[in-house]
Amino acid sequence: MAEKARVHLDRGGLHLDDVFVQDVSLVHAEMMTKRRLWMSCYLEGTGVEGDRVTFMITASGNRLIFEVEERPRGNVSVEG
């Protein structure tokens, strides 16, 4: 059986519509503007101290748009 991805990003057309992050030790989020949120998920056990996946989340009408700003650098399975 294949190992489950620690970070899984599914696109529904142009934008991410499903985000899965496993083994998170800390979530840090900060409002950048009234409609934009920066969010970072720090990962455990990747071999890189402070390794993280970072998103910019923007409110657009009645939906949220997720953009990947930074991908993990350590030994992390990333799909998508």
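Please refer to the structure placed before this passage.
The following refers to the structure shown. Keep in mind that what you see is a predicted model, and the values were worked out from it rather than measured. (Residues numbered from 1 in each chain as written. Predicted model: local features only at pLDDT ≥ 70, side-chain atom pairs only at ≥ 80, totals over all residues. Heavy atoms only, no water.)

## Re the overall build of the protein chain
- Each helix and strand in the protein chain was counted, giving zero helices and seven strands.
- Each helix and strand of the protein chain, placed in order from N terminus to C terminus, yields the pattern β-β-β-β-β-β-β.
- Each of the three principal axes of the protein chain carries a C-alpha extent, and together these read 40 × 25 × 15 Å.
- In the protein chain, which comprises 80 residues, the share counted as buried stands at 28%. (Helix = DSSP H or I, 4+ residues; strand = E, 2+ residues; numbered from the N terminus. Buried < 20%, exposed > 50% of the residue type's maximum accessible area, 1.4 Å probe, protein only.)

## Quick look at the nonpolar core
- Membership of the largest hydrophobic core is limited to ten residues, which are V7, L9, L16, M39, C41, L43, V53, F55, I57 and V76.
- Residue assignment for this core shows that the elements contributing at least two residues are strand 1 (7-12), strand 4 (36-43) and strand 5 (52-60).
- What V53 contacts, discounting residues up to four positions off in sequence, is V7, V21, M39, S40, C41, E70 and P72. (Core = buried A, V, L, I, M, F, W, Y, C linked by side-chain atoms within 4.5 Å. Contact = heavy atoms within 4.5 Å.)

## Describing unusual backbone geometry
- Look at D23: it is not a glycine, yet its phi comes out positive at around 65 degrees.
- The topology assignment puts D23 in the loop between strand 2 (15-21) and strand 3 (24-31).
- With a relative accessible area of 39%, D23 lands in the partly exposed category.

## Focus on the pattern of salt bridges
- A complete count under the given rule lists two salt bridges for this structure.
- Between R6 and D23 there is a salt bridge, with the nearest N and O atoms lying 3.3 Å from each other. On the criterion of sequence distance, the pair formed by R6 in the segment before strand 1 and D23 in the loop between strand 2 and strand 3 is long-range, its members being 17 residues apart.
- The residue E70 makes a salt bridge to R52 at a minimum N-O spacing of 2.7 Å. (Salt bridge = Lys/Arg side-chain N within 4 Å of Asp/Glu carboxyl O.)

## Looking at the environment of L43
- Here L43 shows up in strand 4.
- Judged by its relative accessible area of 7%, L43 is buried.
- Between the alpha carbons of L43 and H28 there is a distance of 12 Å; along the sequence they are 15 residues apart.

## So, the environment of S60
- Residue position: S60 is located in strand 5.
- S60 gets classed as partly exposed once you look at its relative accessible area, which sits at 35%.
- Leaving out residues up to four positions away in the same chain, S60 has contacts with R35 and I65.

Honestly, that's just the spatial picture; any functional story needs more than this.
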